[in-house]
Amino acid sequence: MKKGSVFTYSKRYTIFERSTLALLCQPKLSCFLHFFLFGVAQDSETPELRSCFLCLSYILQAMEHPGTQYAQKGKLPMDPAPRKPRILLAACGCVAAFKFAKICEIFCDWAEVKAVATPASLRFFNTASLPKNVYLYTDEHERLFWRKVGDKMLHIELCRWADLMVIAPLSANTLAKIAGGMCDNLLTCIVRAWDYNKPMLIALDVHTFMWRNPFTEKHLMSVDELGVNFIPGSDTMAEPSEIHSSVIGVLQSRPLPLN
Amino acid sequence: MKKGSVFTYSKRYTIFERSTLALLCQPKLSCFLHFFLFGVAQDSETPELRSCFLCLSYILQAMEHPGTQYAQKGKLPMDPAPRKPRILLAACGCVAAFKFAKICEIFCDWAEVKAVATPASLRFFNTASLPKNVYLYTDEHERLFWRKVGDKMLHIELCRWADLMVIAPLSANTLAKIAGGMCDNLLTCIVRAWDYNKPMLIALDVHTFMWRNPFTEKHLMSVDELGVNFIPGSDTMAEPSEIHSSVIGVLQSRPLPLN
Amino acid sequence: MKKGSVFTYSKRYTIFERSTLALLCQPKLSCFLHFFLFGVAQDSETPELRSCFLCLSYILQAMEHPGTQYAQKGKLPMDPAPRKPRILLAACGCVAAFKFAKICEIFCDWAEVKAVATPASLRFFNTASLPKNVYLYTDEHERLFWRKVGDKMLHIELCRWADLMVIAPLSANTLAKIAGGMCDNLLTCIVRAWDYNKPMLIALDVHTFMWRNPFTEKHLMSVDELGVNFIPGSDTMAEPSEIHSSVIGVLQSRPLPLN
C-alpha cells in the first residue's frame, strides 16, 4: 500500500464510536469478517445482495487500516461521510464491447461510475444500453468541454476524478497506442495523463489471429512496465464477473484513498 | 519449407497418373524443367506467354514435393482440382499507387487476386482501373461486413483466404504503423492478424528525403524481424515486374499449401 | 559548423568591398561587434529596434565565415543580394497554440516565415490572427497540391524551402508520432522528411499530468537522438521570447547557408 493512504481512510470511520472501531479492527476478527462477507457477496444471487455484501466487505477491508490520524487528533473530521470509489470504465472498438453495459452495471452496485468510449467503439455497442446513472463521455465531449483559454480539459478532469480505471474491452490498436504513448482521442489522452499511483486495469479483446502476433506480448509488457494490470481472459475478453473480481482483488491490495 | 506443406500439395496432382507423377518427380528432370520454364517465362514477350510458362514452372516446382499423402493412401482425394494461389495485394497512400492496377494485372495471370486499399491511397489511383476480376476492399467494407455479434470480421476472413500478401506501394506512415503494431484500418488490421508462416512482401515508396531519415532503416529492420520480405527498388518503389519476380522467388523457396 | 556551409555564405557579402570585408572579418573585431549588437538587440524596447539589431548581429555572425569562394574566384556572383533566413513554424493541437500568432510575429521581424498547422490545432487558435505575410499550410493544402503523377508534394517542397523549423506548441500526441516515425498529416510528413543537418526546435506544451508520465522523457530522448533541439519551458510551453532566443542561440552555433 502506498504511504499516506492509511491516513486518508480516517474520515470514513467517524460514524463508528472509537471503541467499536478498536474492536472491529483487531486483525484476526477483521480478516475473518472480510473473507466471510466477500464469500457471501460472491455467492449472492441477486445483484442487490451482492452489492450489499461487497460494500460491507469493502468497508471492512479499509478498516484494516484504521483511522490513525483521527485517533491521534481525537476529534471528528469536518466531513464525516465516506464517499464511494470512483471508477472510470472505458471501451474500445472491438466485438466484446457489447458487454460494456454489463460491466458498467456490475460496478454501479458499489461505485460511482463514469464511462468513456472511443469513436471506433460506438458501432459495437448501444450507448442507450448503459445504466441510467452512468454518464458516457466521447471525443465530442472533449471538444465541447474546452472552448477558450482558461477552460479545463475533460481528460484532465476525468483523471482527477477517478480513483481507478478499467479499459474493457481494450482493442489491439488502442493497446498499441498506449504502448507507444500516443494520445489522439479522449481515452488515450486520459491514459497518457494517468497517475499510475492509481490502479489501471485492462481486459484485452483480440481475435486469436491477433493474439498470437508478437506485438501482443510486446505491448502487454510495455504497459505492464507502466503499472497497468492485465486481466487475462480465456480466448477472448475476460467475463464481466472476472473483470469485477480482478478490480476487487486490486483494491484489496491497494485500498483507495476515499477522502 | 514448413513441415506439413509437402502433404497439402498432394491434391493438386491427382490429375496425373501415378506413373507419370513418378516420372516427372525424378529430382533431376524436375529441376531441369523448372529452370527451363522459368527462363522461358522471363524471356517471353507477351504477358500471355509469360503467364503460361510461369504457371507451368510453378506447377513443376510444386511437383518437387510430390503427393506423399496421396501415394501412401493409394486413392483419389475428394476434390482433385488444384486451386490457384490466393494473393492479397494492398496499396497505401503514396504516389506509386498509380502502378497498383498494373501490379494487380500481373498477378491475375496466374493467381486469384483480392485487393485492399487504405483510405489515404484512394486519391492516388483510380479504383476503376483495376482488373475486372479483382475485388477491392476498403475500410468501408470492413464496417459493412460486421453488423452484429456473431458476424465475421473482414480482416480476419482476408487473412484466412490469402496464401500470400504484397503491400505495394507501402507508405512511410503505414510502415511506421506496422513497425509499431498499430491497426487502425483494414490494411493494418490484416497485417496485425497475419500469420507469418505465410509470406508477406513489401515494396516501399518513399521520397528520397524520407528514405534517408533514420526511421526508414529502423522500421524496415522491425518488420524484417516479423518475417516480412522487403523488395528493394531503385530510388522509388520497385517496378511491378520486379515485385512479381520477388514473389515468384519467395514462392520457389516457400511453396504454398494449395489444398 | 557543417563542412561546405562556409562557401555558401559567399554570395551574401558581395555588397561589401573586398577590403571592408577583410577588415570586418578580423576575428576579434567581428566577435566583439557580434556580442555588442546581440546585447543591444536583447535590450531593445521596440520590436523594430530589436529586429534591426538582430539582423545586424546575424549578418556579422555570418561574416565570421567570410566568402572564401568569392575571394578565390575574384568576381561578383550573379545574385549578390543575400536572402532572409526561411523559418517554418508549426503548431499542434494544444492550449498554448493561442500564442502561435505571437510566435509568428516575432520571427517575421527578421526572417521569411511560413506556418503549418495540424488539423487538431485549428480549434486552439484563430488562423486570421496570423501576420498577413505568413502563409498558413494545412492538410487541405497538401491534398490540393498534389493532383496527378508528376506534381510535387507540399511537405517535400516545404522541407526544401525551410532553413530551420520550430514546432511550438508541440503536443504530447505529435511528439509520440515523431518519436515513432509516423507521418499521417502535413506536419509529421515534413518532420519525417526533414534533413537533420538543418536545425529543428520543439517547444512542448503538455499538462503537468502528462509531463510526469514516463513517455515524456522517453520521447524527448528519442527526438534528441534525431537531432531535435528541445526548448524547455517552466510548467507549460516556453514563452515566445524564449523560443525566439533559443532559435537565435542555435543559429549562432549553426549558421544557415543563405545562398
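Chemist: Tell me what's going on with the interface of chain C and chain B, and back it up with residues and numbers.
Modeler: Contacts between the two partners involve 24 residues from chain C, matched on the other side by 18 residues from chain B. Both sides together, the interface formed by chain C and chain B hides about 1800 Å², and carbon and sulfur atoms give 66% of it. Summed over the shared surface of chain C and chain B, the number is seven residue pairs in polar contact (both at pLDDT 80 or more). For the side of chain C that touches chain B, the elements supplying multiple residues, two or more each, are α7 (139-145), α8 (154-161), α9 (172-179) and α10 (186-193) of chain C.

Chemist: Go over the relation of the copies chain A and chain B with me, naming the residues and quoting the values.
Modeler: Least-squares fitting of chain A to chain B yields an RMSD of 0.0 Å, with the transformation described by 0.0 Å of translation along the axis and a rotation of 120°. This pairing of chains is accounted for by a three-fold axis. Taking the C-alpha atom as reference, chain A places G180(A) closest to the rotation axis, 4.3 Å from it. When the interface residues of chain A are mapped onto chain B, a mere 6% of them are again interface residues, pointing to distinct binding faces.

Chemist: Any chance you could break down the relation of the copies chain C and chain B for me, citing the residues and the numbers?
Modeler: Note on the copies: chain C fits chain B at an RMSD of 0.0 Å, the axial shift is 0.0 Å, and the rotation between them is 120°. A share of only 4% of interface residues in chain C that are also interface residues in chain B marks the association as one of differing surfaces.

Chemist: Run through the confidence of the model for chain A, naming residues and quoting values.
Modeler: Here chain A shows a mean pLDDT of 79. Residues at 70 or above account for 68%. Below a pLDDT of 50 lies the segment residues 57-77 of chain A, which in the model reaches 48 contacts outside its immediate sequence neighbourhood of four places, other chains included.

Chemist: Quick rundown of the pairing of strand β2 (residues 112-117) of chain C? Include the residues and the values.
Modeler: Regular strands place side chains that alternate from one sheet face to the opposite one. Residue and element names in this part refer to chain C. When you tally the buried positions in β2, you get five out of six residues, the bulk of the element. Where strand β1 (residues 86-91) and β2 come together, six bridges link them in parallel fashion. Bridge pairing in β2 links A91 to A117. Remark: the β1/helix α6 (residues 100-108)/β2 crossover connection has right-handed handedness. Two strands pair when backbone bridges link them, and β2 and strand β3 (residues 135-137) are joined in this way by three bridges, in the parallel orientation. Following the sheet pairing, V116 is matched in β3 by Y137.

Chemist: Break down the packing of aromatic side chains for me, citing the residues and quoting the values.
Modeler: Tallied over the full model, the rule gives 15 aromatic pairs over all chains. The interplanar angle of 50° and the centroid separation of 4.6 Å between the aromatic rings of F124(A) and W146(B) together place this pair among those described as tilted. One end of the pair, F124(A), is in the loop between β2 (112-117) and β3 (135-137); the other, W146(B), is in the loop between α7 (139-145) and α8 (154-161), on a second chain. In this pair, the class of F124(A) matches that of W146(B), namely buried. Note that R212(A) overlies the ring of F209(A), its terminal NZ or CZ placed 4.3 Å from the centroid. Note that K114(C) overlies the ring of W161(C), its terminal NZ or CZ placed 5.0 Å from the centroid.

Calculation notes
Residues numbered from 1 in each chain as written. Chains lettered and ligands numbered in written order. Predicted model: local features only at pLDDT ≥ 70, side-chain atom pairs only at ≥ 80, totals over all residues. Heavy atoms only, no water. Contact = heavy atoms within 4.5 Å. Buried area = accessible area lost by both parts, 1.4 Å probe. Polar contact = N/O pair within 3.5 Å; in protein donor to acceptor, adjacent residues only side chain to side chain. Helix = DSSP H or I, 4+ residues; strand = E, 2+ residues; numbered from the N terminus. Least-squares fit on C-alpha atoms with pLDDT ≥ 70 in both. pLDDT = per-residue confidence, 0-100. Buried < 20%, exposed > 50% of the residue type's maximum accessible area, 1.4 Å probe, protein only. Pairing = 2+ DSSP bridges. Right-handed = clockwise from strand over helix to strand, strands pointing away. Phe/Tyr/Trp six-rings, centres within 6.5 Å; stacked < 30°, edge-to-face > 60°. Lys NZ or Arg CZ within 6 Å of the ring centre and 35° of its normal.

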